[in-house]
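# Architecture and fold: a report
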Amino acid sequence: MILPIVAYGDPVLRKKCKEIPEDYPKLDELIENMWETMYNAFGVGLAAPQIGRPIRLFLVDSSPFAEDEELQLQEREELKKLKRVFINPTIVEEEGDEWAFNEGCLSIPEIREDVFRKPKIVIEYQDENFKEHRETFTGLAARVIQHEYDHIEGILFTDKLSSLKKRLLKGKLASISKGKIKIEYKMRFPEMKKGR
Ligand SMILES: [Zn+2]
């Protein structure tokens, strides 16, 4: 089932999300619905708060980036393989010189901006069977995970922009909250007027 994606301005996107217990009700169904929702919107990642649940869960499938012929073969291989469910993750290490990449977000459509992030992370997480993992990711793969991880900490990529950039985007962000945008997927807007 395709779920509506929560738009910028909804308080659920600002929550520090809660750990998920193994007996969380209907988790398999939720994960299935999140994959469907993400692919329907042509996203490479989706975090639980984006569908209205403040829990520590996100999905990543970076394989569309693997098509980019300008990337090195090794990086393309890493991107092709990265299809995962991350439950109760913690980024335990983040290192290297920050680099910029033009990011977007399914909750903030029509806005894309350069965001600086460190190129290498070590993350501990549980998979959909609550099996523990510790893995290292670099480059674009790390970036997709960092973006989704920020979501479960209540952080959005627009928070990481300069104060000038933020001021310039203010009007556009307000329009998104009100639903005054054209999008191809189902969304839920916090300030949309009812009854129209
Ligand atoms: Zn996002």
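Keep in mind that what you see is a predicted model, and the values were worked out from it rather than measured. (Residues numbered from 1 in each chain as written. Predicted model: local features only at pLDDT ≥ 70, side-chain atom pairs only at ≥ 80, totals over all residues. Heavy atoms only, no water.)

As recorded in UniProt, the sites labelled "active site" (unreviewed entry) are Glu148. If you trace the backbone, Glu148 turns up in helix H3 (residues 139-152). Given the relative accessible area of 4%, Glu148 is considered buried. Leaving out residues up to four positions away in the same chain, Glu148 has contacts with Gly45, Leu46, Ala47, Gln50, Phe58, Leu59 and Val60. (UniProt positions renumbered as here; feature names shortened; annotations may be inferred. Helix = DSSP H or I, 4+ residues; strand = E, 2+ residues; numbered from the N terminus. Buried < 20%, exposed > 50% of the residue type's maximum accessible area, 1.4 Å probe, protein only. Contact = heavy atoms within 4.5 Å.)

Before going further, it helps to spend a moment on the pattern of salt bridges. In total, this model carries 15 salt bridges according to the counting rule given. Salt bridges linked by common partners bring Glu103, Arg117, Arg143, Asp150 and Lys160 together as one network. (Salt bridge = Lys/Arg side-chain N within 4 Å of Asp/Glu carboxyl O.)

Turning our eyes to something else, we now look at the coordination of the zinc ion. For the zinc ion, every protein donor is listed as Cys105 (SG), His147 (NE2) and His151 (NE2), and the spread of their distances is 2.1 to 2.3 Å. Site description for the zinc ion: donor spacing in sequence, C-x41-H-x3-H. Taken together, the positions of Cys105 in the loop between strand E5 (99-103) and strand E6 (113-117) and His151 in helix H3 put the pair 46 residues apart, joining distant regions of the chain. (Donors = N, O, S within 2.8 Å, 3.2 Å for Na, K, Ca; no water.)

Here the focus is the UniProt feature "binding site: Fe cation" (unreviewed entry) in the protein chain. UniProt's entry tags Cys105, His147 and His151 with the feature "binding site: Fe cation" (unreviewed entry), counted in the numbering of this structure. Across 47 residues in sequence, these annotated residues keep their C-alpha atoms within 10.2 Å of one another, forming a single compact spot. Once you skip the residues sitting within four places of it in the chain, Cys105 turns out to touch Gln50, His147, His151 and Phe157. Within the secondary structure, His147 is located in helix H3. Every residue in contact with His147, bar those within four places of it in the chain, is listed here: Glu103, Gly104, Cys105, Arg117 and Phe157.

This paragraph deals with the packing of aromatic side chains. Aromatic ring pairs: the centre-centre distance and the angle between the two ring planes describe each pair. Applying the stated criterion to the full structure yields six aromatic pairs. With centroids separated by 5.8 Å and ring planes inclined at 10°, the aromatic side chains of Trp35 and Tyr39 adopt a geometry described as stacked. On the criterion of helical spacing, the pair formed by Trp35 and Tyr39 is a turn pair, its members being four residues apart in helix H1 (residues 27-40). The class for Tyr39 is partly exposed, based on a relative accessible area of 35%. The rings of Phe58, Phe86, Tyr125 and Phe137 are connected pair by pair, giving a single aromatic cluster. For the cation-ring pair, Lys83 lies above Trp35, with the distance from its terminal atom to the ring centre recorded as 4.8 Å. (Phe/Tyr/Trp six-rings, centres within 6.5 Å; stacked < 30°, edge-to-face > 60°. Lys NZ or Arg CZ within 6 Å of the ring centre and 35° of its normal.)

What follows is about unusual backbone geometry. Of all residues except glycine, most have a negative phi; of all peptide bonds, most are trans. With a phi angle near 55°, Phe42 is a residue other than glycine that sits in the positive phi range. Within the secondary structure, Phe42 is located in the loop between H1 and strand E2 (45-47). A positive phi angle, close to 65°, is found at Phe130, a residue other than glycine. Counting through the fold element by element, Phe130 comes out in the loop between strand E7 (120-126) and strand E8 (132-138). For Phe130, a relative accessible area of 12% puts it in the buried group.

Note on placement: Lys80 falls in helix H2 (residues 73-81). Taking the C-alpha atoms as reference points, Lys80 and Glu29, 51 residues apart in sequence, are found 25 Å from one another. Those residues in contact with Lys80, other than ones at most four positions away along the chain, are Ser63 and Ala66.

In this section: a negative patch on the surface. Taken together, the side chains of Asp28, Glu29, Glu32, Glu36 and Glu128 make up a negatively charged region of the molecular surface. Residue classification places Glu36 among the partly exposed positions, given a relative accessible area of 37%. (Patch = residues over 30% accessible without salt bridge, like charges linked within 9 Å, V, L, I, M, F, W, Y side chains within 5 Å. Areas by Shrake-Rupley, 256 points an atom, 1.4 Å probe, with all protein chains shown as cover. Lys, Arg positive; Asp, Glu negative; His and termini not counted. Charge placed at Lys NZ, Arg CZ, Asp CG, Glu CD.)

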